[in-house]
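These are the residues of each chain, in order.
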Amino acid sequence: MTGIDIPVPAAGAGTTRIDDLPVREELRGKSPYGAPQLDVPVRLNTNENPYPLPEPLVERIAERVREVARNLNRYPDRDAVELRTALADYLNATGPDSAPELGAAHVWAANGSNEVIQQLLQTFGGPGRTALGFEPSYSMHSLIARGTGTAWVSGPRADDFTLDPETAVRAIAEHRPDVVFVTTPNNPTGNAVPAETVLALYEAAQRAKPSMVIVDEAYVEFSHGTSLLPLLAGRPHLVLSRTMSKAFGAAGLRLGYLAADPAVVDAVQLVRLPYHLSAVTQATALAALEHTDTLLKYVEQLKAERDRLVAELRTIGYEVTESDANFVQFGRFPEPGGARAAWRQILTRGVLVRDNGVPGWLRVSAGTPQENDAFLDAVRDLKKEQEQHG
Ligand SMILES: *Cc1c(COP(=O)(O)O)cnc(C)c1O
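Residues numbered from 1 in each chain as written. Predicted model: local features only at pLDDT ≥ 70, side-chain atom pairs only at ≥ 80, totals over all residues. Heavy atoms only, no water.

Colleague: Quick question: what am I supposed to make of the environment of D39 here?
Modeller: Tracing the chain through its elements places D39 in the segment before strand 1 (42-43). It is 9.2 Å that separates the C-alpha atoms of D39 and G350, two residues lying 311 residues apart in sequence. (Helix = DSSP H or I, 4+ residues; strand = E, 2+ residues; numbered from the N terminus.)

Next comes the structure, spelled out in structure tokens:
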């Protein structure tokens, strides 16, 4: 490439900002999802499982990936049938007896449950349509709504962050959303939504539209109760969204999935990109599913640590929201600015927790016993300082 004189326009070289580009109106001035990824000794801010994968599983992943590596000249199985079958088997094996028997036809998988949710909103939301979620909740629901051109309505929660069925049903009747999100256990607050409430919301959503109800069960394995799988029978507008990022300790794998009526699985295939799940991802997820028992053995330990965090935080003098997840919401810090200041003070002690922007509250993920001890020491100090300074 010589001899071609490419002119460089004087204005703007290296100084272009997002808003200088012709981006869509609804993206102007907005920020991307951003849990800080800071390099500190104790990171308890993104609800990951703190334990690395066990060595035999690492070996099995290497083996399965080596097998598919030879065929990477070919596109992967577009429909990921073997993986969806293995996920259905996992749901059948771990779900309550009253749950319907699921097969590959009821299950769809994608790159994290975020992609599952994106595909659902591309299918059932979009321009001219509305999604409703009860906030504070998982911020990606509204962000993905925005990205898919779906209008967003923030539904109400009670002061203790529970869902009051009557108020929630009224919000659905009023806004008649095309998609309703229910996160249980909820992130960042930690509390679960009872099955009767989910049913009431489903029925309200059917009377109003009828609309799709997406239940985000990312943390269900940590719950005191059982999953909502039994509700799937006879409810074709209900979708349960799951992930391998939390209980399975495989956030880096990027594998989420849904369970629903087979018609829903057919519908999302209208919008999924062809070959969206790489052969490497499928092979890795299949290897992980062969080791479900070892992966899930940490869940019991993390639940015990979660309960310990709840108890100790209360002993120290913090308020804590009931948690069915692998994290705990604690407070309250005086607003404005109290939660942010506490977040910073905890960080100076080498512990990263999460400020989700819920006024007066912070969230801590259950880590290893040592990490949790470091966190508890930090917040014990913090409490003492607060008491000294009135
Ligand atoms: C972490 C989380 C997810 C997981 O997203 P992935 O894309 O599967 O990693 C989904 N929903 C909620 C509520 C979460 O907190």
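Colleague: What am I meant to see in the UniProt feature "modified residue: N6-(pyridoxal phosphate)lysine" (unreviewed entry) in the protein here?
Modeller: Those places that UniProt annotates as "modified residue: N6-(pyridoxal phosphate)lysine" (unreviewed entry) correspond, in this numbering, to K246. Inspection of the secondary structure puts K246 in the loop between strand 7 (238-243) and strand 8 (256-260). For K246, a relative accessible area of 13% puts it in the buried group. What K246 contacts, discounting residues up to four positions off in sequence, is T46, N47, N49, A218, Y219 and F222. (UniProt positions renumbered as here; feature names shortened; annotations may be inferred. Buried < 20%, exposed > 50% of the residue type's maximum accessible area, 1.4 Å probe, protein only. Contact = heavy atoms within 4.5 Å.)

Colleague: So what exactly am I meant to see when it comes to the site of the ligand here?
Modeller: In the vicinity of the ligand lie 13 residues, with S113, Y219, T243, S245 and K246 positioned nearest. The side chain of D216 places a nitrogen or oxygen atom 2.7 Å from a nitrogen atom of the ligand. Grouping the amino acids of the shell around the ligand by side-chain chemistry returns 3 nonpolar, 7 polar and 3 charged. (Near = heavy atom within 4 Å. Polar contact = N/O pair within 3.5 Å; in protein donor to acceptor, adjacent residues only side chain to side chain. Nonpolar A, V, L, I, M, F, W, Y, C, P; charged D, E, K, R; others polar.)

Colleague: What is the right way to look at the packing of aromatic side chains in this model?
Modeller: Think of a pair of aromatic rings as described by two things: how far the centres are apart, and how the planes are tilted against each other in angle. The full count for this structure, using the stated rule, is 10 aromatic pairs. Seen from their ring centres, Y51 and Y298 are 4.5 Å apart, and the 10° between their planes marks the pair as stacked. One end of the pair, Y51, is in the loop between strand 1 and helix 1 (55-69); the other, Y298, is in helix 9 (residues 292-316), and 247 residues separate them in sequence. Both residues of the pair, Y51 and Y298, count as buried. Each ring, one from Y219 and one from F327, has its centre 4.9 Å from the other, and the planes form 80°; the classification is edge-to-face. Here F327 lies in strand 10 (residues 327-331) and Y219 lies in the loop between strand 6 (212-216) and strand 7, a separation of 108 residues in the sequence. (Phe/Tyr/Trp six-rings, centres within 6.5 Å; stacked < 30°, edge-to-face > 60°.)

Colleague: Just to check I follow, could you spell out the side chain of R157 for this structure?
Modeller: Looking at where R157 falls in the secondary structure, it is placed in the loop between strand 4 (151-155) and helix 5 (165-175). There is no salt bridge for the buried R157, and the closest opposite charge comes from D160, which lies 7.9 Å off by N-O distance. In this structure the side chain of R157 is engaged in a polar contact, spanning 2.8 Å, whose partner is the backbone oxygen of F161. A polar atom in the side chain of R157 sits 3.4 Å from the side chain of N186. What R157 contacts, discounting residues up to four positions off in sequence, is F134, E135, P136, S137, T162, L163, T183, N186 and N191. (Lys, Arg positive; Asp, Glu negative; His and termini not counted. Salt bridge = Lys/Arg side-chain N within 4 Å of Asp/Glu carboxyl O.)

Colleague: What is the right way to read the sheet that holds strand 10 from this model?
Modeller: Strands pair in a sheet through their backbones, by hydrogen bonds, and they do so in one of two ways: parallel or antiparallel. Taking strand neighbours across the sheet as the criterion, the 3 strands line up as 9-10-12 in an open arrangement whose pairing is antiparallel. Single-partner strands in this sheet number two, and they are strand 9 (319-320) and strand 12 (361-365). As paired strands, strand 10 and strand 12 are joined by 5 bridges and run antiparallel to one another. Each bridged residue has a counterpart across the sheet, and for Q329 the counterpart in strand 12 is R363. The sheet strands contacting helix 9 are strand 9, strand 10 and strand 12, and the helix crosses strand 10 at an angle near 10°. (Pairing = 2+ DSSP bridges. Axes fitted to C-alpha atoms, helices over the stretch in contact; angles between N-to-C directions.)

Colleague: Help me out: how do you make sense of the UniProt feature "domain: Aminotransferase class I/classII large" (unreviewed entry) in the protein in this one?
Modeller: Those residues carrying the UniProt feature "domain: Aminotransferase class I/classII large" (unreviewed entry) are residues 42-378 in this numbering. Strand forms 15% of residues 42-378 and helix 42%; the C-alpha atoms that close the span are 11 Å apart.

Colleague: Whenever I open this one, the packing of helix 10 (residues 338-348) against helix 11 (residues 369-388) confuses me. Can you help?
Modeller: Two numbers describe a pair of packed helices, the interaxial angle and the distance between the axes. Remark: helix 10 packs on helix 11, axes separated minimally by 9 Å, with the N-to-C direction vectors making an angle of 125°. Relative to helix 11, the element helix 10 lies oblique. For helix 10 against helix 11, the interelement crossing comes out right-handed. On helix 11, the residues that touch A342, Q345 and I346 of helix 10 are A378, V379, L382 and E385. Partitioned by chemical class, the residues of the contact of helix 10 with helix 11 number 5 nonpolar, 1 polar and 1 charged. (Parallel < 35°, antiparallel > 145°, perpendicular 65-115°, else oblique. Left-handed = near helix turned anticlockwise from the far one by under 90°.)

Colleague: What should I look at first to understand the pairing of strand 3 (residues 130-134) in this one?
Modeller: Here is the key point about a regular strand: its side chains alternate between the two faces of the sheet. For strand 3, the tally of buried residues reaches 5 of 5 residues, placing the bulk of the element in the interior. Here strand 3 shows no split at all, with T130, L132 and F134 on one side and A131 and G133 on the other all buried. Bridge count between strand 3 and strand 5 (residues 179-183): 3 bridges; the pairing is parallel. Of the residues in strand 5, the one forming a bridge with G133 is F181.

Colleague: Honestly, the pattern of salt bridges in this entry has me stumped. Any pointers?
Modeller: Overall, the coordinates contain 24 salt bridges when judged by the stated rule. The salt bridge involving D373 is made with R308; its shortest N-O contact spans 3.0 Å. Residue D373 is located in helix 11, and its partner R308 is located in helix 9; the two are separated by 65 residues in the primary sequence. A relative accessible area of 35% means that D373 is categorised as partly exposed. The partly exposed category is assigned to R308, whose relative accessible area is 22%. When the shortest N-O distance is used, the salt bridge between D381 and R349 registers 3.4 Å. Highlighted residues: D381 in helix 11 and R349 in the loop between helix 10 and strand 11 (351-352), separated in sequence by 32 residues.

Colleague: Help me understand the side chain of R242, please; the structure alone is not making it clear to me.
Modeller: Relative to the helices and strands, R242 resides in strand 7. A distance of 2.9 Å separates the side chain of R242 from the side chain of E217, its partner in a polar contact. Setting aside residues no more than four positions away along its own chain, R242 makes contact with Y90, L91, S113, E217, V220, E221, S227, L229, G256 and Y257.

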